[in-house]
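These are the residues of each chain, in order.
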Amino acid sequence: GALSVQKTSLASLPTVSWSTVTTGVSGAISELDLSGNGSVISLAVRQGSAVKVFTSTTDATPSFNQVLTGSFDLQSAAEGLVLSVCDLATAPKQVRTWLY
């Protein structure tokens, strides 16, 4: 389905108030992964056969957009974002990793 992202501050739990975050994701998604690094949350989604990575949830366009089969995982590291895609359904079976 469509993606809706909201944020809040946990500084005062009795008065939590959510606000909508506008993302560059439009249309239906079938998979999602988030990774945080300090004050920035990165987002990876599957739309159709493409995996798209947004360096920040507020980015208008993805920093990575490629047609890939398999499941994916997004992690934030000191060196940057790490996207791993594992495809065990097709031959040859493979795990591919990008660092950016």
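Everything discussed here concerns the structure shown above.
Residue numbering note: each chain is counted from 1, following its sequence as written. Totals for whole chains, interfaces and linings use all residues, but because this is a predicted model, local features are given only for residues with pLDDT of at least 70 and pairs of side-chain atoms are given and counted only at 80 or more. As a convention, hydrogens and water are excluded, and side-chain values are obtained from all of the structure's heavy atoms.

Trainee: Describe the nonpolar core, listing the residues and the values that go with them.
Mentor: For this analysis, a nonpolar core means a set of buried residues of the types Ala, Val, Leu, Ile, Met, Phe, Trp, Tyr and Cys, connected via side-chain atoms within 4.5 Å. Buried residues are those whose accessible area, probed at 1.4 Å on protein chains only, stays under 20% of the maximum for their type, while exposed residues exceed 50% and partly exposed ones sit between those limits. Grouped together as the largest cluster of nonpolar side chains are 10 residues: Ala-44, Val-51, Val-53, Phe-64, Leu-68, Phe-72, Leu-74, Leu-81, Leu-83 and Val-85. In this description a helix means any DSSP run of H or I spanning at least four residues, a strand means any run of E spanning at least two, and both kinds are numbered starting from the N terminus. Of the residues forming this core, the biggest block, 3 residues, is contributed by strand S8 (residues 80–87). In this view, Leu-74 contacts Asp-33, Leu-34, Ser-35, Ser-42, Leu-43, Ala-44, Val-53, Leu-81, Val-82 and Leu-83; residues no more than four positions away in its chain are not counted. If you look at the next biggest cluster of nonpolar residues, it comprises 5 residues, including Val-25, Leu-43, Val-45 and Phe-54. The contact definition used throughout considers only heavy atoms, calling two residues in contact when any of these lie within 4.5 Å.

Trainee: Residue-level account of the sheet that holds strand S9 (residues 94–99), with values.
Mentor: Working definition: the strands of a sheet are paired by backbone hydrogen bonds and lie parallel or antiparallel to each other. Here 3 strands make up an open sheet; going across it, the order is S7-S8-S9 and the pairing antiparallel. Where the open sheet ends on each side, the last strands, each with one partner, are strand S7 (71–77) and S9. When strand polarity is set aside, the average angle formed by the axes of neighbouring strands in this sheet is 15 degrees. Note on pairing: DSSP must find at least two bridges between two strands before they are called paired. Of the pairings in the sheet, the one linking S8 to S9 comprises 6 bridges and is antiparallel in character. Within S9, the residue paired with Asp-87 across the bridge is Gln-94. Angles here are taken between N-to-C directions and fall from 0 to 180 degrees, while the axes themselves are lines fitted to C-alpha atoms, restricted in helices to the stretch in contact.

Trainee: I'd love a proper account of unusual backbone geometry, names of residues and values included.
Mentor: A cis amide bond links Ala-91 with the next residue in sequence, Pro-92, at an omega value of -5 degrees. Checked against the element boundaries, Pro-92 lands in the loop between S8 and S9.

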